[in-house]
Amino acid sequence: MARSLFDKLWDAHVVVPESEDSPAILFIDLHLIHEVTSPQAFAVLEERGLPVRRPDLTQATLDHSTPTLPPGPDGRLPYATEDAEKQVHQLEANCAKHGIDLLGLDDPRRGIVHVVGPELALTQPGKTIVCGDSHTSTHGAFGALAFGIGTTEVGHVLATQCILQRKPKSMRITFEGELSPGVGAKDMALAMIAQIGADGGQGYAVEFAGPAVEALSMEARMTLCNMAIEAGARVGMVAPDDTTFAYLEGRERAPQGEAWDAAVARWRELPSDRDAQFDSEVRVDAAAIRPMITFGVSPDAAAPVTGNAPRPANDSEREAAEYMRFAADRPFAEAKVDRVFIGSCTNSRMADLREAAEVMRGRKVADGVIALIVPGSEAIRQQAEAEGLHTVFAEAGAEWRMPGCSMCIAMNGDQGAPGELVVSTSNRNFVGRQGKGVRTVLAGPATAAASAIAGHIADPSQYLGTEARDAA
Amino acid sequence: MQPEPFNRLEARTLVVRQSNIDTDQIIPARFLTTTTREGLGKSAFYDWRYTEDDQPKNASPFPVAGAGDRQVLVAGANFGCGSSREHAPWALLDYGFRAVISSDIADIFKSNALKNGLLPVEVDQRTHAALLERPGIRIVIDLESCTLETEDDIRAQFTVEPFARRCLLDGVDPLGHIVAHEEAIAAYEAAAA
Ligand code: SF4
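Residues numbered from 1 in each chain as written. Chains lettered and ligands numbered in written order. Predicted model: local features only at pLDDT ≥ 70, side-chain atom pairs only at ≥ 80, totals over all residues. Heavy atoms only, no water.

K.L.:
Just give me the short version of the sheet that holds strand E2 (residues 24–27) of chain A, but keep the residues and values in it.
P.N.:
Residue and element names in this part refer to chain A. Strand order in the open sheet formed by three strands is E1-E2-E8, and the pairing between neighbours is antiparallel. Of all the strands in the sheet, the pair left with one neighbour each is strand E1 (14–16) and strand E8 (162–165). Averaged over all pairs of adjacent strands, the angle between strand axes in this sheet comes to 40°, irrespective of strand direction. When E1 meets E2, the two strands line up antiparallel, connected through two bridges. Residue Val-16 lies in a different strand from E2, and its bridge partner there is Ile-25. Contacting E1, E2 and E8, helix H1 (residues 5–12) runs over the sheet at an angle of about 45° to E1. (Pairing = 2+ DSSP bridges. Helix = DSSP H or I, 4+ residues; strand = E, 2+ residues; numbered from the N terminus. Axes fitted to C-alpha atoms, helices over the stretch in contact; angles between N-to-C directions. Contact = heavy atoms within 4.5 Å.)

K.L.:
Could you give an account of the site of the ligand, naming the residues involved and the relevant values?
P.N.:
Residue and element names in this part refer to chain A. In the vicinity of the ligand, the residues found are His-64, Ile-112, His-114, Asp-133, His-135, Ser-344, Cys-345, Cys-405, Cys-408, Ile-409 and Asn-427. Considering only residue class, the shell around the ligand consists of five nonpolar, five polar and one charged. Each of domain 1 (5–165) and domain 2 (291–463) contributes no fewer than three residues to the shell around the ligand. (Near = heavy atom within 4 Å. Nonpolar A, V, L, I, M, F, W, Y, C, P; charged D, E, K, R; others polar. Domains from an automatic or database assignment.)

K.L.:
For the pattern of salt bridges, give the residues involved together with the corresponding values.
P.N.:
Under the criterion given, the structure shown has 45 salt bridges over all chains. With a shortest N-O distance of 2.5 Å, Arg-330 of chain A and Glu-334 of chain A are connected by a salt bridge. What makes Arg-330 of chain A partly exposed here is its relative accessible area of 43%. Classification of Glu-334 of chain A as partly exposed rests on a relative accessible area of 47%. Salt bridges linked by common partners bring Arg-53, Arg-54 and Asp-56 of chain A together with Glu-182 and Glu-189 of chain B together as one network. (Salt bridge = Lys/Arg side-chain N within 4 Å of Asp/Glu carboxyl O. Buried < 20%, exposed > 50% of the residue type's maximum accessible area, 1.4 Å probe, protein only.)

K.L.:
Explain the sheet that holds strand E19 (residues 439–442) of chain A residue by residue, including any values.
P.N.:
Residues and elements named next belong to chain A. Pairing is parallel in the open sheet, where five strands are placed in the order E17-E16-E15-E18-E19. For this open sheet the edge positions go to strand E17 (399–400) and E19, each flanked by a neighbour on one side alone. Note that strand E15 (residues 339–342) and strand E18 (residues 421–424) share three bridges and pair parallel. The residue bridging Arg-339 from the neighbouring strand is Val-422, located in E18. Helix-sheet contacts for helix H12 (residues 350–360) involve E15, strand E16 (370–373) and E17, and the interaxial angle to E16 is about 145°.

K.L.:
Explain helix H6 (residues 185–196) of chain A to me, using residue names and the numbers behind them.
P.N.:
All names here are of chain A. Given a rise of 1.5 Å per residue, twelve residues ought to cover 16 Å, and the 16 Å separating the end C-alpha atoms of H6 matches this to within 8%. Most of H6 is tucked away, with ten of its twelve residues classed as buried. Those residues of H6 that sit buried are Ala-185, Lys-186, Asp-187, Met-188, Ala-189, Leu-190, Ala-191, Met-192, Ile-193 and Ile-196. Positive backbone phi, approximately 95°, marks Gly-197, located one or two places after H6. (Expected span 1.5 Å × (residues − 1).)

This is the structure:
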C-alpha cells in the first residue's frame, strides 16, 4: 500500500501497536530537554527510583531562562530571578547525575533547543524526536517525526525512551506556484495559518509539499515547520531531499563515511509514495503570498503588511482589536513601533540575520525604538560576528545579544513594557506573551528590521535591493 | 505522581466566552521558573485576575480566592492552544477546576490535562453555545457513561480517549503501562542497534 512520509516514520517506530484500549507505544530516537519543562519529570524518576534509560539518546541545552546579556563586573550572569538561576542549576545537576550531555553555559555549541539539534545533526531524517516544547515541530523540516510533549511525558521518555501515542490524522498542505521575490518562509507560514485557522491543523500531522517548499533552504523549511503548531498541528514535516542531505553532511553528529552513504540511501526511501493518501488536502497559492504581519492576538489574524486593519467581525475580534489598538480600515503602516525583536527558534538563523542586516546596513533604527537581535545559538553568534553582521546591527543602533529564547517567551528578563507595540520574528502574538500588556506583531526578519528603521510597521521591499533574493 | 481518580463530578460552571484562550493566558511564562508543580493556582489566569501592579481586578471572571464550587470551566473554542507547558493544567487544578468544557481543546493541552486528572470535555456546537449562555449553572459530568447533564436539562455525550479514561477511572498508571512492555522495548532496541 502507498504510504506517506508520516506513515513510514510512524510504522518504523511502533514498539507495541495501538489497539482500541491503548495507544501505541512509540520508540523515541532523540529526546531534547531544557531547563523549564524537565525538573518535575526528573523529580518523578527520583520518586520512583528509576534511572534514565537512554542518556545516549537524550540531549540537554539551556535556553529559556538564560540571560542574553553577558556577565556583570562580578562575573555573574544577570538572571531575571533567583528561581531562573535555580532552574538552570537544577538542569546542570540532573544532567550530571544521569550522565546526560548538556550544552552548558560556556559550551560553544549551546543555543535554542530547536536550533542546536539541527546544527549538530542530532536531528536527522527518519528519526522520532520529542521535547517538552511545542515548537519541536521545527525538526520535521528534516523529514523527522517531531512533536512537543508535556512534562509527564518527558518523564515517560526519560524512564522508558518511549511514549504513548494515538496515530493522528494526516494532512498535506501543498504550496502551489513560486514565491515572489522578498517573500520568505515566515510569510508562507502566516499566510497558511490565516487560511486554515489557528486550529485548522488540530489532530493532524502535516506534511508541507509543493514546488515552493522544495525550493526552500533548510533554514526556511525549519521556519515553516516551526509554525505548524500555530495552526494547531503538533507535527509539520518536509520530505528529505538533496537540500536536506547537503545541510547535514559533515556536521558533528552526522554519520560519516560509509555510514553516511548508507544513511542517505535509507533517507531517500522516506518521501511519501506517489499515491499516498491523506485524510485532508489543503492548497495554498504561493505566488499570491506577500510579506505578512499579524494584527490580532492569535497567529491566524495575519494579513499583508501593506494592507489595512480589517473590521472586527465578532466579540473576540473586537477585543483583540481593542488590545492591539489597530484602527479599522487604516493602514498598518500608521502603527508606531516601540520595540523590535529578531530572534527565536522561528527566525534566528544565519539566513534570518543576513536578511535583517541587509535592511539595516547603513541605516539607523528610528528614534525611540529599541531593537534586540538575539542569535539562535553560539555557533550562529560566532558566524554572524565573523561576517561582521554584529557591526552592521550596532552601527544601526540595534542591540546584539547572547543566544537564547529571550523575548519569544520573555521569561529571562527580556521583555516589552505594558502597552508597547513589538514587531517580533517569534511565533506567538498572545496577550502578554512578550510581557504584561505588550502588543505583539509577528513578522519575518526583513519586515521586523524595516519596522525598526521606519519606526512604524513597514513593508521591507522599500529597503531591499531589486535583485531577486534566493529562495532562502 | 498519580492524579486523583475521576468518576463523577457535580459542580457549577464558570464561563469565559473568548476563543483561543492560550496557555500564556492560563499561566504566564514568568511563572514557569519553578522546579516543582505545587502551588501554581495563584498564578492561574494571573493577568486576568490582577492588574499590572498586582491588585485584584474587580471585573475578573475568576474569583481571587479560587474556583470554589465552580469547578467546571466553560470556555470558547480552541481552548489551551499554544505551548506544551504542563504548568497550565497544574495551575488550573490547583486553582480548583476539575474539568474544562469547550467545542475543541488543543491537542497537547488535552493530553497534559488528562494526565493530571483535569477532565477535558469536548462538546458539540449546540451544547457549547448553550453552556456559554448559562454561567454558574449546576452540572453533572459522568466519566463512566461519558455524559454531562445540567440542572435545566442540557444533555450531551462526549468522548475521551479510552486509555486515558481508564487511567482516570481505575487509577491505571501510564508509566507503569509502558514499563510493563519492557521486553518489547528491549527487543526494539536490539533490532535497531
Ligand atoms: S524560542 Fe520560543 S518557541 Fe522556541 S524554544 Fe524558545 S521559547 Fe520555545
